[in-house]
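# Chain and residue survey
Single-letter residue listing:
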Amino acid sequence: MKTIPPLGIGTKFHRVVILTGAGVSVASGLPTYRGPGGLWENEELAKIVHAESIPTRLPELWKLYSERRATALSVGPNAAHRAIADAQKRWPGQVFVITQNVDNLHQRAGSENIIELHGSGFRTRCTKCSASPFYDEASYETLPLCCVCGAPLRPDVVLFGEMLSEKVIAQSTAALRGCDLFLVVGTSSVVIPAAYLLLDAYDAGAHCVSVNIEPSRHENPYLHDEFMGKAEELLPILLAT
Ligand code: APR
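Below: a short report on this structure. (Residues numbered from 1 in each chain as written. Predicted model: local features only at pLDDT ≥ 70, side-chain atom pairs only at ≥ 80, totals over all residues. Heavy atoms only, no water.)

### What about the pattern of salt bridges?
The test is simple: Put simply, a salt bridge is a Lys or Arg side-chain nitrogen that is within 4 Å of an Asp or Glu carboxyl oxygen. Every helix listed is a DSSP run of H or I at least four residues long, and every strand listed is a run of E at least two residues long, numbered separately from the N terminus. Only protein chains enter the area calculation, which uses a 1.4 Å probe; residues under 20% of their type maximum are buried, those over 50% are exposed, and those in between are partly exposed.
This model, assessed by the stated rule, comprises nine salt bridges. When the shortest N-O distance is used, the salt bridge between Asp136 and Arg69 registers 3.2 Å. Within this pair, whereas Asp136 is found in the loop between strand 5 (134-135) and strand 6 (153-157), its partner Arg69 is found in helix 2 (residues 58-73), the two being separated by 67 residues in sequence. The pair Asp136 / Arg69 is uniform in exposure class, with both members buried. Through salt bridges with shared partners, a single ionic network connects Glu44, Lys47, Arg57 and Glu60.

Laid out in structure tokens, this is it:
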């Protein structure tokens, strides 16, 4: 088996953007969305996480996200999350994390300035007024209501059919400016606009690399290299000094 050298962050590369997907949380015990055992194998669940579920199917949405909160709280970050957090600490201001995940595991591993493309499963906001979204670990049996306006609250995640927030789009664009290494880790790259970030990085002249248990490069002309394997095993090597 060929030995894999570190990618050279801090020596060869000085502005690194890491885009993560559900694959980085598999080693923590959380399911992916697609593929064997994926969340969306349950077609009913896949129907609920749509913009049209607000407000009529909010109770079902809260049941799903209450369960996902409890599951995510019952596990911990794994070596993939820790390798990314360590790289951010070793090279302050040079390693940026853009995640599609809403499980809060990057935060719990110590990563900072995380760009949460699809929101957070641990944030709750009002469906109606502009009351500030708030950190929330609660599981709700009944529909929570806004203490400011009385309207129903919702998980602050991006549902299918909803737009990403202007803020995370601006943050992602800024992170990619001058990016010289773009890592796509543990994502099927089928959801846009997240998947388009690779194209932006490629156009910015970054060296684009994927880390996945499945081959990606032959399907994706924007990748310069790929490392096939588990993120929890490869990232500690690739992100090492
Ligand atoms: N290491 C690396 N990659 C892995 C591992 C692992 N240990 N285990 C699984 N993978 C890969 C799979 O091969 C797959 O390519 O992780 C990817 C998971 O793909 P998805 O389940 O589609 O998850 P993701 O790409 O994050 O989904 C994107 O879709 O439904 C929406 O909002 C949801 O943010 C999510 C978005």
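### Remarks on the packing of aromatic side chains
The test is simple: Any pair of Phe, Tyr and Trp rings, taking the six-membered ring for Trp, is counted once the centres come within 6.5 Å. Such a pair is stacked with planes under 30 degrees apart, edge-to-face with planes over 60 apart, and tilted for the rest.
This structure, assessed with the given rule, holds five aromatic pairs. Among the aromatic residues, those joined into a cluster by ring pairs are Tyr33, Trp40 and Phe160.

### With respect to the site of the ligand
So the rule is basically this: Residues are classed as near a molecule or strand on a simple rule: at least one heavy atom within 4 Å of it. Here a polar contact is recorded for every N or O atom pair within 3.5 Å, except that within protein the pair must consist of a potential hydrogen donor and a potential acceptor, and residues adjacent in sequence are included only if both atoms are side-chain atoms. Residues were grouped as follows: Ala, Val, Leu, Ile, Met, Phe, Trp, Tyr, Cys and Pro as nonpolar; Asp, Glu, Lys and Arg as charged; and all remaining residues, including Gly, as polar. Boundaries of every domain are those given by an automatic assignment or by a domain database.
Looking at the ligand, there are 22 residues lining it, with Tyr33, Arg34, Thr187, Ser188 and Asn212 nearest. At 2.7 Å, a side-chain N or O of Arg34 approaches an oxygen atom of the ligand. One of the side-chain N or O atoms of Asn212 is found 2.7 Å from an oxygen atom in the ligand. Of the residues that constitute the shell around the ligand, the class distribution is eight nonpolar, ten polar and four charged. Both domains that meet at the shell around the ligand, namely domain 1 (1-30 + 77-118 + 163-241) and domain 2 (33-74 + 122-157), each give it at least three residues.

Read these as spatial facts, not as claims about activity.
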